[in-house]
Amino acid sequence: MNFTDIQIERYSRHIILKDVGVEGQIKLLEGKVLVVGAGGLGSPAALYLAAAGVGTIGIIDNDVVDITNLQRQIIHTTPDINRPKVISAKEKIEKINPDVKVKTYHELLTTDNINDIFSEYDFILDGTDNFPTKFLINDACVLSGKSFSHGGIIKFDGQTMTYTPGNTCYRCVFNSPPPKGLVPSCSQAGVLGSVAGILGTIQATEALKYLTGIGELLTNRFLIFNALSMSFRSVHFNRNENCPVCGINPTITELKLEEMPVCDL
Amino acid sequence: MATFNLDITKEHCPMTFVKTKIQLAKIAKDDILEVLVTEGEPLENIPKSSTEQGFEILGIENLHDNIYKIRIKK
Ligand SMILES: [Zn+2]
């Protein structure tokens, strides 16, 4: 493909990087990333993927913008209140970068639609706010051999891991969703808005690295950070042979949504 | 192997090296790109950045006044 003069200027700071260059930018423009959830994590992630020139960005979210979202969900603005998040997000992305094709799904991710939707993308970015969907995304990716970035935030803390086929999956580390009552409800817990920005931006960086094939992904390790002490550490996790989905004798061979109260981070 | 030309005398940093990289991406290995640059930033940075990113500088020649020709091998 040939860049237009405008594209050369727009992507000049990528092209100039040895590890990205012309070839890497072409991979980004041909890349397809699905952002699950246009919320705290999905907002910064989608904005950076758009600015970077990821050619196709899918966004799935069944919610509308609420005023309580605006403290951290930076793709949405005050006039967007009551509008579907996917429409609000699509408009911002198209303003940032007309090179990007945006596909919107104004629906919940379910066992019925997940495989069809995921099959259209190279990489999945989990920006969801509830455990059942996080496990569903993990299981769907493991069973279909798809790579994804996991992310979670609460209060001043964030954690993220990248899964690629053959490496440690989310269930290798967390066997199943925590029991009811053990996790504080997220409305009680709260979250510092910029913590979402830090984590979503790390996830977007993983997607860009995956598409261009550069660097070392966050596979087989969790990156955990605390904003109060501003400390980051990464914890190594091997694959678990007893993992219910990727272990030696898997008990999960088809997709099922686990029961768990949803929370709204 | 073929020789190609590029004039970046009207460009400013960092577009000087961006345009050079775009042209280098289009040509084949062992082809040569002759880049016209002005004295100053481009004359210093194009050879340095090209070498850093794995290209070979075959020579630098002063054509006239402040215009130079840098020969880069892919
Ligand atoms: Zn596993």
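Not measured: the values here are computed from a predicted model.

Cut-off values and rules
- Residues numbered from 1 in each chain as written.
- Chains lettered and ligands numbered in written order.
- Predicted model: local features only at pLDDT ≥ 70, side-chain atom pairs only at ≥ 80, totals over all residues.
- Heavy atoms only, no water.
- Helix = DSSP H or I, 4+ residues; strand = E, 2+ residues; numbered from the N terminus.
- Rg over C-alpha atoms; globule rule 2.2 N^0.38 Å.
- Buried < 20%, exposed > 50% of the residue type's maximum accessible area, 1.4 Å probe, protein only.
- Contact = heavy atoms within 4.5 Å.
- Axes fitted to C-alpha atoms, helices over the stretch in contact; angles between N-to-C directions.
- Parallel < 35°, antiparallel > 145°, perpendicular 65-115°, else oblique.
- Left-handed = near helix turned anticlockwise from the far one by under 90°.
- Nonpolar A, V, L, I, M, F, W, Y, C, P; charged D, E, K, R; others polar.
- Buried area = accessible area lost by both parts, 1.4 Å probe.
- Polar contact = N/O pair within 3.5 Å; in protein donor to acceptor, adjacent residues only side chain to side chain.

Chemist: What am I meant to see in the overall build of chain B here?
Modeler: Within chain B one finds two helices and four strands. Ordering the α and β elements of chain B from the N terminus gives β-α-β-α-β-β. Over its C-alpha atoms chain B spans a radius of gyration of 11 Å, differing by no more than 12% from the 11 Å that the globule rule assigns to 74 residues. Its C-alpha atoms give chain B principal-axis dimensions of roughly 30 × 25 × 20 Å. Within chain B, the proportion of its 74 residues that are buried is 47%. Taking contacts inside chain B between residues at least 6 apart in sequence as the whole, the part at least 24 apart equals 65%.

Chemist: Sorry if this is basic, but what is going on with unusual backbone geometry here?
Modeler: Leave glycine aside and you will find that most residues have negative phi; peptide bonds, for their part, are mostly trans. Following Cys-13 of chain B, the chain continues into Pro-14 of chain B via a peptide bond in cis, with omega recorded as 0°. With respect to the helices and strands, Pro-14 of chain B occurs in the loop between strand S1 (3-7) and helix H1 (15-26). Phi at Met-230 of chain A is positive, roughly 45°, even though this residue is not glycine. Take Met-230 of chain A: it is sitting in the loop between strand S7 (221-226) and strand S8 (231-236). The class for Met-230 of chain A is partly exposed, based on a relative accessible area of 48%.

Chemist: Would you mind going over the packing of helix H4 (residues 42-52) of chain A against helix H5 (residues 85-96) of chain A with me for this structure?
Modeler: Residues and elements named next belong to chain A. Relative to each other, H4 and H5 sit at 30°, their axes nearing to 9 Å. Comparing their axes, H5 and H4 come out roughly parallel. In the crossing of H4 with H5, the sense of the turn from one axis to the other is right-handed. Here Ala-46, Leu-47, Ala-50 and Ala-51 of H4 come into contact with H5, specifically with Lys-92, Ile-93 and Ile-96. Classifying every residue of the contact of H4 with H5 gives six nonpolar, no polar and one charged.

Chemist: Sorry, what's going on with the packing of helix H3 (residues 21-30) of chain A against H1 of chain B here?
Modeler: Pairs of packed helices are described in terms of their axes, by the angle between the two and the distance that separates them. Relative to each other, H3 of chain A and H1 of chain B sit at 85°, their axes nearing to 8 Å. If you check the angle between H3 of chain A and H1 of chain B, you find them roughly perpendicular. Along its contact with H3 of chain A, which presents Gly-21, Val-22 and Glu-23 of chain A, the element H1 of chain B presents Lys-21, Ile-22 and Ala-25 of chain B. Residues of the contact of H3 of chain A with H1 of chain B, tallied by class, amount to three nonpolar, one polar and two charged.

Chemist: For this particular structure, what's the right way to read the interface of chain B and chain A?
Modeler: Accessible area lost on assembly of the parts is the figure often given for the size of an interface. Chain B puts 11 residues into the contact, and the matching count from chain A is 13 residues. When the two sides are added together, the surface that chain B and chain A hide from each other amounts to roughly 1,000 Å², 73% of it contributed by carbon and sulfur. For the pair chain B and chain A, the number of links is three residue pairs in polar contact (both at pLDDT 80 or more). With eight residues, H1 of chain B is the single largest residue contributor to the side of chain B that touches chain A. Looking at the side of chain B that touches chain A residue by residue, the classes come out as six nonpolar, one polar and four charged.

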